[in-house]
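Residue-level listing of the chains:
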Amino acid sequence: MNKAITIVKKELNSNFNSPLGYIVVSVFLVISGWMFIQSFFIFGQASMRSFFNLLPILFMFVLPAVTMSSWSEEKRSGTVEVLMSFPISTVKVVIAKFLSSFVFLLIMIVFTLTIPMMITNLGTPDRGVMLAGYIGALFLGSSYIAIGLWVSSITKNQIISFLVTVVIIFVFYIIGNSMILDTMPSVVASVGKFLSFATHFDSILRGVISLSDILYYISIIIFFLFLNARVVSLKNWR
Amino acid sequence: MIKVENLVKKYGDFTALNGVSFELVEGEVVGILGPNGAGKTTLLRILVSFLESTSGKVTVNNMDISQPLLQQQIKGKIGYLPEQAPLYEDMTVSEYLIFVGKMQGISSDEIYEKLSEVINKCGLREKKNAEISTLSKGYRQRTGIAQALIHNPEIVILDEPTTGLDPKQRIEIRDLIKEIGKSKTVILSSHVLSEVKATCSRVLIINKGKIVADGTPEELENKGGADKATIHIEVDKIGSGLVQKLEVIEGVNNIEIIENRIIINSNLQNDIRKEIARIIIEENHGLLELVRKQIDLEDVFINLTKDDE
C-alpha cells in the first residue's frame, strides 16, 4: 500500500509541478464561480442548482485535461518501462493513478466550498440538497476520471487522449437527453437513459441519493479501471 | 541464476526472438551484442517482465517469471535501466531516486542512506538537486543506473548503457559497470564491440532473433580463427608481376586487391611479412604500409551478423 501512496504523491507533485495543474483548477473555478454568481445575484436564488447543472459539461473538459497525461506521457517518454519494473501489481498502479486524479478532483471541489459557505451566510438554502450535489459531483467526476485513465492507457498522444475522452464522456452524457431518446424505440431509449451520466446526476441533484445511482457510478468506475488494468497487463507496448 | 529456454517473441508477423536459449550463473557480466533490430531490447524486456514471450520459458533463481505471483518477488531482485534511460523530467535527481527506492520497498529509515550510497557510487553528488530535464546525457545515464542499483538488486540489466555518450562519458560509465560487475550479475546490451570487450566476461551475439555465438570475448575471437591473420599492404604502384610473386610465398592463402592495396590472408604462426617486404622493395613497387592484423571480435561479429542473402 505504501508503494501505491508513493505513486499518488508523485503524480500529484507532477500535476502541480507544471502550469497545467494550476490552469485546470483556475479555469474550473472561474467558470463554475461565474455560473453561480450569475444566478445568485441576477436571479436572486439561494441555491447551487445552476452550479451543479453546469458540472457535467464543465467536468467534461476539465477532467480529461487531468487524466490525459497519466499513462500517455509515461508511454511516450518510456518511463512506463521503469514503472512496470517495480515490484508492485498492475492493479495497484492503476488504482494509485486513479486516486491521484481523484485527489486532484477533491482539491478542485474543496475550492468551490466558498460558494455554499456564502449562500448559508446570506440566505437559507437546503443544505441536504447541496450536500447531495457535492456527493454526486464526486461520483460523476470519478467516473469521468476512470474513462480518462483508460483512454490515456491506450495512446501515447496526450491530445488524442484528451479528445477521445471528451467524446466518450459526451456520448455517455447525451444518450440520456430526451431529444435523443424520443427518436428511439422505447427499449433502446430506456437503456440509453439508464446508461447516461445525466439521468443519475439529475436524480442525485434533486437531493435523493439512491443506491441505484451510487451503484451505477461505482460500476462505471470499476468497469473502466478494469479495462485500464487489462490494457496495461496485456503488455502490448511499443 | 537466470535460465532462458527456447524463447520466442512475435509481434504480429514479425519474429523478434526465434528460439533463444542460454543460462547465466551468478556473478557473470554478460554482454548481449547484436546489430540494431536483432532482438536485444526485446530479450531484455522479457527478462524484466515488461513484455511477455510468445513461447518459451525464463526462470530466475528457479522461479518462473510468467507466474504472476512470483513476478513481483523476481522484479525486486532486478535493477533495470531501459534503453535511452527514461526518467521523470520534472523531478530532481534525489527526488527521483527516493521515489524509485520507495517503489522498490526501501523503508523511510533506510532511504537516505541508500540514496547517498548510489549518489556517491554513480558520481551524482554535484547534480543531486538538479532537475532531471537539465541534465546532460551522461548524467541522465548515471541517474538511470543509480535508479537500477538503489535497492541493491542481485541482477542488474542495462539496455545500451553507453549509447549516445561522448568518449569520456563512455569510459566513465564503463568503469562504473566494471565496478558493479564485481558484486552483481550484470546483463548489458550494446552494439559497440569495444564496450562489451572491456566490460564483459561473456558475450552472446544475437542476430535476427537467434543467438549466433556464445562465449568469452577471447573464445569468440579464437572461434573466428585465432590462428588466422590478414596482412594489409599499401604500395605506390601495383603490377601483375608483383601479385604473381606474392602468390607463391609459402603461407599465403589468398590475395585480394583493392586499388593499390593488397590484402593477404595467411596463418598467424607463419610470419611472412619479411618475405613480402623484401619482394616489394626488390621489385621497386614503393612500399607505403605493411600491417598484420589478427582476427578480432569485430571481424567475428561482422561475419556472424552478415546478411546471408
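Analysis parameters
Residues numbered from 1 in each chain as written. Chains lettered and ligands numbered in written order. Predicted model: local features only at pLDDT ≥ 70, side-chain atom pairs only at ≥ 80, totals over all residues. Pairing = 2+ DSSP bridges. Helix = DSSP H or I, 4+ residues; strand = E, 2+ residues; numbered from the N terminus. Axes fitted to C-alpha atoms, helices over the stretch in contact; angles between N-to-C directions. Contact = placed C-beta atoms within 7 Å. Core = buried A, V, L, I, M, F, W, Y, C linked by C-beta atoms within 7 Å. Buried ≥ 20, exposed ≤ 12 C-beta atoms within 10 Å, placed from the backbone. Domains from an automatic or database assignment. Nonpolar A, V, L, I, M, F, W, Y, C, P; charged D, E, K, R; others polar. Expected span 1.5 Å × (residues − 1). Arc of directions from axis to C-beta. Parallel < 35°, antiparallel > 145°, perpendicular 65-115°, else oblique. Left-handed = near helix turned anticlockwise from the far one by under 90°.

1. Observations concerning the sheet that holds strand β3 (residues 29–33) of chain B
Residues and elements named next belong to chain B.
Thinking step 1. What the 6 strands build is an open sheet, ordered β6-β7-β8-β3-β9-β10; its pairing is mixed. Each having just a single partner strand, β6 (78–81) and β10 (210–215) make up the two edges of the open sheet. On average, adjacent strands in this sheet sit at an angle of 15 degrees to one another, irrespective of strand direction.
Thinking step 2. Relative to strand β8 (residues 185–190), strand β7 (residues 155–159) runs parallel, the two being bridged by 5 bridges. Its bridge partner lying in β8, Asp-159 is registered against Ser-189.
Thinking step 3. Of the strands in this sheet, β6 and β7 touch helix α5 (residues 137–149), which is tilted by about 165 degrees from β6.
Thinking step 4. Contacting β3, β9 (202–207) and β10, helix α11 (residues 297–305) runs over the sheet at an angle of about 30 degrees to β9.

2. Some remarks on the nonpolar core
Thinking step 1. One finds A:Ala146, B:Leu33, B:Tyr96, B:Leu97, B:Ala146, B:Ile157 and B:Val186 to be the most contacted residues of the largest nonpolar core, which totals 135 residues.
Thinking step 2. With 12 residues, helix α8 (residues 127–154) of chain A is the largest single contributor of residues to this core.
Thinking step 3. Looking at which domains feed residues into this core, each of domain 1 (2–215) and domain 2 (228–305) of chain B supplies at least three.
Thinking step 4. Excluding residues that lie within four positions of it along the chain, B:Ile157 makes contacts with B:Leu44, B:Leu47, B:Val48, B:Ile78, B:Tyr80 and B:Ile187.
Thinking step 5. B:Leu246, B:Ile264, B:Ile276 and B:Ile280 belong to the second-largest nonpolar core, a separate cluster that totals 9 residues.

3. Brief notes about the domain arrangement of chain B
Residues and elements named next belong to chain B.
Thinking step 1. Taken domain by domain, chain B holds domain 1 (2–215) and domain 2 (228–305).
Thinking step 2. Placing a centre on the C-alpha atoms of domain 1 and another on those of domain 2 gives a separation of 43 Å.
Thinking step 3. On the domain 2 side, the residues contacting the 9 residues of domain 1 number 6 residues.
Thinking step 4. Contributions of two or more residues to the side of domain 1 that touches domain 2 are made by α7 (193–199), β9 and β10.
Thinking step 5. Of the residues in the side of domain 1 that touches domain 2, the class split is 6 nonpolar, 2 polar and 1 charged.

4. Quick word on helix α6 (residues 167–181) of chain B
All names here are of chain B.
Thinking step 1. With 15 residues, α6 extends 21 Å from end C-alpha to end C-alpha; this agrees with the ideal 21 Å at 1.5 Å per step.
Thinking step 2. Turning to α6, its buried residues are Arg-170, Ile-173, Leu-176, Ile-177 and Ile-180. Along α6, the residues classed as buried sweep out an arc of 125 degrees about the axis, all on the same side. Exposed and facing more than 90 degrees away from the buried side of α6 are Pro-167, Lys-168 and Glu-179.
Thinking step 3. Of the surrounding secondary structure, the elements contacted by the buried residues of α6 are α5, β7, β8 and α7.

5. Things to note about the sheet that holds strand β4 (residues 55–60) of chain B
Residues and elements named next belong to chain B.
Thinking step 1. Here 4 strands make up an open sheet; going across it, the order is β2-β1-β4-β5 and the pairing antiparallel. Single-partner strands in this sheet number two, and they are β2 (14–24) and β5 (63–64).
Thinking step 2. As paired strands, strand β1 (residues 2–11) and β4 are joined by 5 bridges and run antiparallel to one another. Residue Val-4 lies in a different strand from β4, and its bridge partner there is Val-58.
Thinking step 3. Sheet strands touched by helix α1 (residues 40–47): β1, β2 and β4. Its angle to β2, the strand with the most contacts, is close to 60 degrees.

6. A short note on the interface of chain A and chain B
Thinking step 1. Facing the 20 residues of chain A at the interface are 21 residues of chain B.
Thinking step 2. For the side of chain A that touches chain B, the secondary-structure elements that each account for two or more residues are α1 (2–17) and α5 (79–83) of chain A.
Thinking step 3. Ranked by residues supplied to the side of chain A that touches chain B, first place goes to α1(A) with 6 residues.
Thinking step 4. Looking at side-chain class alone, the side of chain A that touches chain B contains 6 nonpolar, 10 polar and 4 charged residues.

7. Overview of the environment of B:Asp166
Thinking step 1. As for its position among the elements, B:Asp166 is in the loop between β7 and α6.
Thinking step 2. With 28 residues separating them along the chain, B:Asp166 and B:Gly138 place their C-alpha atoms 8.0 Å apart.

8. Considering the pairing of strand β13 (residues 261–267) of chain B
Residues and elements named next belong to chain B.
Thinking step 1. Only one face of β13 is covered, namely the one carrying Ile-262, Ile-264 and Ser-266; the face carrying Arg-261, Ile-263, Asn-265 and Asn-267 has none of its residues buried.
Thinking step 2. Alignment of strand β11 (residues 228–235) against β13, held across 7 bridges, turns out to be antiparallel. Across the sheet, residue Thr-230 finds its bridge partner in β13, namely Asn-265.
Thinking step 3. Pairing analysis gives 6 bridges linking strand β12 (residues 252–258) to β13, with the strands arranged antiparallel. For Ile-258, the partnering residue across the bridge sits in β13 and is Arg-261.
Thinking step 4. Linking two consecutive strands that pair antiparallel, namely β12 and β13, is a turn of 2 residues; a positive phi of about 50 degrees is found at Glu-259 within it.

9. A short note on helix α3 (residues 93–103) of chain B
Thinking step 1. Buried residues dominate α3(B), accounting for 9 of its 11 residues.
Thinking step 2. Taken residue by residue, α3(B) has B:Val93, B:Tyr96, B:Leu97, B:Ile98, B:Phe99, B:Val100, B:Gly101, B:Lys102 and B:Met103 as its buried positions.
Thinking step 3. On the buried face of α3(B), the contacting elements are α1 of chain A together with α4 (108–121) and α5 of chain B.
Thinking step 4. Backbone geometry just downstream of α3(B) places B:Gly105 in the positive-phi region, at approximately 90 degrees.

10. Some points on the packing of helix α12 (residues 197–205) of chain A against helix α13 (residues 211–233) of chain A
Residue and element names in this part refer to chain A.
Thinking step 1. Contact pair α12 / α13: the axes reach a minimum separation of 10 Å and the direction vectors enclose 140 degrees. Accordingly, the angle class assigned to the pair α12 and α13 is oblique. Regarding α12 and α13, the two cross each other, and that crossing is left-handed. The segment α12 lies against α13, with His-200, Ser-203 and Ile-204 engaging Asp-213, Tyr-216 and Tyr-217.
Thinking step 2. For the contact of α12 with α13, the residue count by class is 3 nonpolar, 2 polar and 1 charged.

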